[in-house]
Amino acid sequence: MKFAVFASGFGSNLQAIIDAVKNGEISAELALVFSNSRKAHALKRAEEAGIPTLCLEAKDYLTPQSYDRDIVIYLKEHDIDFVVLAGYMKLLTPFFVKEFPDKVINIHPSLLPSFKGIEGIKDAFTYGAKVTGVTVHFVDDKMDHGPIIMQEALDVKEGEPLESLEARIHAIEHKMYPRAIQLFVKGKLKIQGRKVLVLEK
Ligand code: GAR
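First things first, this report covers the structure right here in the doc. (Residues numbered from 1 in each chain as written. Predicted model: local features only at pLDDT ≥ 70, side-chain atom pairs only at ≥ 80, totals over all residues. Heavy atoms only, no water.)

### Some remarks on the overall build of the protein chain
Now for step 1: Looking only at helices and strands, the protein chain features 6 helices and 9 strands.
Now for step 2: For 201 residues, the compact-globule formula gives about 17 Å, and the C-alpha radius of gyration of the protein chain, at 16 Å, lands near that figure.
Now for step 3: Overall, the C-alpha framework of the protein chain stretches about 50 × 40 × 35 Å when taken along its three principal axes.
Now for step 4: At a minimum sequence separation of 6, the contacts of the protein chain that also span at least 24 residues come to 62%.
Now for step 5: If you sum the accessible surface of the protein chain, you get close to 10,300 Å²; carbon and sulfur atoms cover 54% of it.
Now for step 6: Put simply, the protein chain has 26 plus and 27 minus side-chain charges, and the middle of one group is 3 Å from the middle of the other. (Helix = DSSP H or I, 4+ residues; strand = E, 2+ residues; numbered from the N terminus. Rg over C-alpha atoms; globule rule 2.2 N^0.38 Å. Contact = heavy atoms within 4.5 Å. Areas by Shrake-Rupley, 256 points an atom, 1.4 Å probe, with all protein chains shown as cover. Lys, Arg positive; Asp, Glu negative; His and termini not counted. Charge placed at Lys NZ, Arg CZ, Asp CG, Glu CD.)

### Notes on the site of the ligand
Now for step 1: Neighbouring the ligand are 13 residues, the closest being Gly11, Ser12, Asn13, His108 and Glu173.
Now for step 2: Note that an oxygen atom of the ligand is positioned 2.6 Å from one of the side-chain N or O atoms of Ser12.
Now for step 3: Residue His108 places a side-chain N or O atom 3.0 Å away from a nitrogen atom belonging to the ligand.
Now for step 4: When the ligand is considered free in solution it has 440 Å² of accessible area, and contact with the protein chains removes 90% of it.
Now for step 5: Broken down by secondary-structure element, the contributors of at least two residues to the shell around the ligand are α1 (12-22), β5 (104-108) and α6 (162-185).
Now for step 6: Here the shell around the ligand is built from residues that sort into 4 nonpolar, 7 polar and 2 charged. (Near = heavy atom within 4 Å. Polar contact = N/O pair within 3.5 Å; in protein donor to acceptor, adjacent residues only side chain to side chain. Nonpolar A, V, L, I, M, F, W, Y, C, P; charged D, E, K, R; others polar.)

### Here's the deal with the pattern of salt bridges
Now for step 1: Within the structure shown, the criterion is met by 6 salt bridges.
Now for step 2: Between Glu57 and Lys59 there is a salt bridge, and its shortest N-O distance comes to 3.4 Å.
Now for step 3: Three or more residues are tied together by salt bridges with common partners; here these are Arg38, Glu57, Lys59 and Asp60. (Salt bridge = Lys/Arg side-chain N within 4 Å of Asp/Glu carboxyl O.)

### Overview of the packing of α1 against helix α2 (residues 41-48)
Angle between the axes and distance between the axes: these two values describe a pair of packed helices.
Now for step 1: Across the interface, α1 lies against α2 with an axial gap of 9 Å and an inter-helix angle of 20 degrees. The angle between α1 and α2 falls in the class roughly parallel. In this structure, α1 meets α2 at a crossing whose hand is right-handed. For the pair formed by α1 and α2, the contact residues are Ser12, Leu14, Gln15 and Ile18 on the first element and Ala42, Arg45 and Ala46 on the second. (Axes fitted to C-alpha atoms, helices over the stretch in contact; angles between N-to-C directions. Parallel < 35°, antiparallel > 145°, perpendicular 65-115°, else oblique. Left-handed = near helix turned anticlockwise from the far one by under 90°.)

### With respect to the sheet that holds strand β7 (residues 148-155)
Now for step 1: In space, the 7 strands of this open sheet follow the order β3-β2-β1-β4-β5-β6-β7, with mixed pairing throughout. Edge positions in the open sheet fall to β3 (53-55) and β7, since each of these has one partner strand only. Between one strand and the next, the sheet's axes are offset by a mean angle of 20 degrees, whatever the strand orientation.
Now for step 2: The pairing of β5 with strand β6 (residues 131-138) spans 4 bridges and is classified as antiparallel. Its bridge partner lying in β6, Ile105 is registered against Phe138. (Pairing = 2+ DSSP bridges.)

### Overview of α1
Now for step 1: Where α1 is concerned, the buried positions are Ser12, Asn13, Leu14, Ala16, Ile17, Ile18 and Ala20.
Now for step 2: On its buried side, α1 packs onto β1 (2-6), β2 (29-35), α2, β4 (82-85), β5 and α6.
Now for step 3: Positive phi shows up at Gly24, right after α1, with a value of about 85 degrees. (Buried < 20%, exposed > 50% of the residue type's maximum accessible area, 1.4 Å probe, protein only.)

### Here we look at the packing of aromatic side chains
Two numbers describe a pair of aromatic rings. These are the distance of the centres and the angle of the planes.
Now for step 1: On inspection of all chains with the given rule, the structure shows 11 aromatic pairs.
Now for step 2: For the ring pair Phe6 and Tyr88, a centre distance of 5.2 Å and an interplane angle of 70 degrees mean the geometry is edge-to-face. Within this pair, whereas Phe6 is found in strand β1, its partner Tyr88 is found in the loop between β4 and α4 (94-99), the two being separated by 82 residues in sequence.
Now for step 3: Members of the aromatic cluster, joined through ring pairs, are Phe6, Phe34, Tyr61, Tyr67, Tyr88, Phe96 and Phe100. (Phe/Tyr/Trp six-rings, centres within 6.5 Å; stacked < 30°, edge-to-face > 60°.)

Bear in mind that shape data such as this cannot, by itself, settle questions of function.
What follows is the structure, encoded as structure tokens:
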């Protein structure tokens, strides 16, 4: 199986995935790293790991669909079986989701459906949540919305600075995402409506 990681920024989750592929925790080929931003540090990480990269910027396209169409053409030409979003801060169009049905996974740094969007950690922190966490889910055409594969909660410590909470959440993400991806690769995830059955751990 071949997969692509989509990332817009720093790429720490991408790095965890690269490492997990290298050490056999994920038994699929990471064949492409795609970014919507030339500035994404994730692209450097991919280049350092010898993984092919592609970057397309939305400003060069007239519509979100024409942008996603070019990505889909590239993915199909390169026999990509599934897509992993790792800090990809751009909503996929319904067109894209239809072309890869139940084959796109996302990670989000909160307990969905709370604190969707691009600032999940900060929003939970500012709101005063006592418990927050991480969610891995299948992607549909609404933001941070599809069926949930895995969640892990953590307590926000009294007086804890935001940076400490961010670090603890990222540490959870870096362990959890490779595990969830491997369950998908092994065909252990069965979607039933909004629920995802994990067939075997
Ligand atoms: C991660 O915390 C990821 O969960 C989040 O972006 C961060 C990317 O960090 N994604 C979302 O908020 C999606 N709505 P990274 O570039 O270091 O992996």
